[in-house]
Amino acid sequence: MWASGMRDAFGKPQGTCARVAIGQVLLSVRCKDSNSHHAQEALRRAKFKFPGSQKIIVSRKWGFTKFSRADYLRWKSENRIVPDGVNAKLLGCHGPLAQRQPGRAFLEATT
């Protein structure tokens, strides 16, 4: 008897597509808070397309930045956050005064 292998198989064989570590982030979605439930439902449906088990985690950070939501909103109201692409920069109280913009020369130290 011959080895059957892929004989009479439908579809295509799948090889190694990507090497993913345990706990590695597969997808990241950034959306408004009002659309959060739609994004969670979309990710819930998408995780069935991947083998294994996945978790959907809602971050406490603001967008893709490293700042928490409360800190980001507080610093934005104080004009200490500068947009930088998909991230944001926090203005500190160090550095040359000549490079500071008007109104941002003297900032209180961060806590």
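Higher on the page you've got the structure.
Description of the structure in this document. (Residues numbered from 1 in each chain as written. Predicted model: local features only at pLDDT ≥ 70, side-chain atom pairs only at ≥ 80, totals over all residues. Heavy atoms only, no water.)

## Structural notes on unusual backbone geometry
Here Asn-79, not a glycine, exhibits a phi torsion of approximately 60 degrees, which is positive. Within the fold, Asn-79 resides in the loop between α2 (69-77) and β1 (81-84). (Helix = DSSP H or I, 4+ residues; strand = E, 2+ residues; numbered from the N terminus.)

## A word on the pairing of β1
Where β1 meets strand β2 (residues 87-90), 4 bridges bridge the pair, whose relative direction is antiparallel. Looking across to β2, one finds that Pro-83 is bridged to Ala-88. From the end of β1 to the start of β2, which pair antiparallel, there are 2 residues, and Gly-85 there has a positive phi angle of about 70 degrees. (Pairing = 2+ DSSP bridges.)

## Describing the nonpolar core
Residues Phe-67, Tyr-72, Trp-75, Ile-81 and Ala-88 constitute the largest nonpolar core, which totals 5 residues. In this view, Tyr-72 contacts Trp-62, Phe-67, Ile-81 and Ala-88; residues no more than four positions away in its chain are not counted. (Core = buried A, V, L, I, M, F, W, Y, C linked by side-chain atoms within 4.5 Å. Buried < 20%, exposed > 50% of the residue type's maximum accessible area, 1.4 Å probe, protein only. Contact = heavy atoms within 4.5 Å.)

## Thoughts on the pattern of salt bridges
For the coordinates displayed, the defined rule picks out 5 salt bridges. With a shortest N-O distance of 3.3 Å, Arg-74 and Asp-71 are connected by a salt bridge. Pair noted here: Arg-74 and Asp-71 are both in helix α2, with a separation of 3 residues, about one helical turn. Here Glu-78 ties to Arg-80 by a salt bridge, and the two come within 4.0 Å at their closest N and O atoms. Look at the salt bridges and you will find they share partners, linking Glu-41, Arg-44 and Arg-45 into a network. (Salt bridge = Lys/Arg side-chain N within 4 Å of Asp/Glu carboxyl O.)

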